[in-house]
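Working through the structure, step by step
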Amino acid sequence: MKLTLAAHGRIRSGPERELVDDYLARATATGRSIGLGPATELEIDNRALKTKTDESRALAQALPSGSVLVLLDERGKALSSRALAEQVGRWRDDGRREAVFCIGGADGHDRSALPQPDLVLAFGPAVWPHKLIRVMLAEQLYRASAILAGTPYHRD
């Protein structure tokens, strides 16, 4: 099952870009033998988009048909890393071809402009900078792959 991190805007070169790329490469390498990956990033050009509705519509148009939709939102469900890995494993085992993890724009998601999500995920109640959320999400995708592969990266 392909893992896609979808977000508005671009991260240019710098430490955040390097971390996102590194964690996605690790997730791809670790997940290959267990039916996960590749782990990729979809950057949506939001320069001409004026509202969160416009941003959400652009995101909806970029979603592959039949993909698992995960929205990141501070009002979502906070899952442990192991619980997230188990959910990803269930989607993979159910034959889902792709899971897309969506980070909204500065004002979040317009849920009325998006398909019904399979999961609304929170990294706690705090609002995080978008660059850091990308890094954190990429790391969690790697961690989920590592947990499912049984590697020693994650320790309970």
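So, here is what we can say about the structure in this document. (Residues numbered from 1 in each chain as written. Predicted model: local features only at pLDDT ≥ 70, side-chain atom pairs only at ≥ 80, totals over all residues. Heavy atoms only, no water.)

1. As for the packing of helix α1 (residues 15-31) against helix α4 (residues 130-149)
Definition in use: Fitted lines through C-alpha atoms serve as axes, helices being fitted only where they are in contact, and the angles separating the N-to-C directions of these axes extend from 0 to 180 degrees. The secondary structure listing takes helices from DSSP runs of H or I that are at least 4 residues long and strands from runs of E that are at least 2 residues long, numbered from the N terminus. Every angle not falling under 35 degrees, over 145, or within 65 to 115 is termed oblique; those three ranges are roughly parallel, roughly antiparallel and roughly perpendicular. Crossing handedness follows the turn of the near helix against the far one: under a right angle anticlockwise gives a left-handed crossing, and clockwise gives a right-handed one. Residue contacts are defined here by distance: any two heavy atoms, one from each residue, within 4.5 Å place the two residues in contact. Under this grouping Gly is polar, as are all residues other than the nonpolar Ala, Val, Leu, Ile, Met, Phe, Trp, Tyr, Cys and Pro and the charged Asp, Glu, Lys and Arg.
Look at α1 against α4: their axes get within 8 Å of each other, and the N-to-C directions meet at 20 degrees. Considering the angle they form, α1 stands roughly parallel to α4. For the element pair α1 and α4, the recorded crossing hand is left-handed. Between α1 and α4, the contacting residues are Glu16, Leu19, Val20, Tyr23, Leu24, Arg26, Ala27, Thr30 and Gly31 on the first element and Lys131, Arg134, Val135, Ala138, Glu139, Leu141, Tyr142, Ser145, Ala146 and Ala149 on the second. Here the contact of α1 with α4 is composed, by residue class, of 11 nonpolar, 3 polar and 5 charged.

2. A few points about the packing of aromatic side chains
Here a ring pair, both rings aromatic, is described through the centre-centre distance and the interplanar angle of the planes. Put simply, the rule is: Pairing of aromatic side chains here covers Phe, Tyr and the six-membered ring of Trp, requires ring centres within 6.5 Å, and sorts the geometry by plane angle: under 30 degrees stacked, over 60 edge-to-face, intermediate tilted.
Across all of its chains, the model carries 2 aromatic pairs by this definition. Geometrically, the ring pair formed by tyrosine 142 and tyrosine 153 is tilted, given 4.5 Å between the ring centres and 50 degrees between the ring planes. Placement of tyrosine 142 in helix α4 and of tyrosine 153 in the segment after α4 is noted, with a sequence separation of 11 residues between them. Feature note: the residues Tyr23, Tyr142 and Tyr153 constitute an aromatic cluster, connected by ring pairs.

3. Observations concerning the sheet that holds strand β1 (residues 2-8)
Where we set the bar: Pairing between strands is defined by DSSP: at least two bridges between them are needed.
Taken in spatial order, the 5 strands make up an open sheet running β2-β1-β4-β3-β5, and their pairing is parallel. Looking at which strands have only one partner, the edges of the open sheet turn out to be β2 (39-44) and β5 (119-122). Along the sheet, successive strands turn relative to each other by an average axial angle of 30 degrees, direction set aside. Note: strand β3 (residues 68-78) against strand β4 (residues 98-103), 5 bridges, orientation parallel. Paired with valine 68 across the two strands is alanine 99, which belongs to β4. Across the sheet, helix α3 (residues 81-93) touches β1, β3, β4 and β5, and the angle it forms with β4 is around 135 degrees.

4. A closer look at the side chain of glutamate 98
Spelled out, the test is: Summary of the burial criterion: residues with accessible area below 20% of their type's maximum are buried, those above 50% are exposed, and those between are partly exposed, where the area comes from a 1.4 Å probe applied to protein chains only. Positive charges come from Lys and Arg alone, negative charges from Asp and Glu alone, with His and the N- and C-terminal ends not counted. A pairing counts as a salt bridge when a side-chain nitrogen of Lys or Arg comes within 4 Å of a carboxyl oxygen of Asp or Glu. Whenever a nitrogen or oxygen atom comes within 3.5 Å of another N or O atom, the pair is scored as a polar contact, on the condition that within protein one atom can donate a hydrogen and the other can accept it, and that pairs from neighbouring residues in sequence are kept only if both atoms are in side chains.
Take glutamate 98: it is sitting in strand β4. It is lysine 2 that comes nearest to the buried, bridge-free glutamate 98 among opposite-charge side chains, at 4.2 Å. Engagement of the side chain of glutamate 98 in a polar contact is seen with the side chain of threonine 4, the distance being 2.5 Å. Contacts of glutamate 98, omitting those with residues within four sequence positions, involve Met1, Lys2, Thr4, Pro64, Ser67 and Val68.

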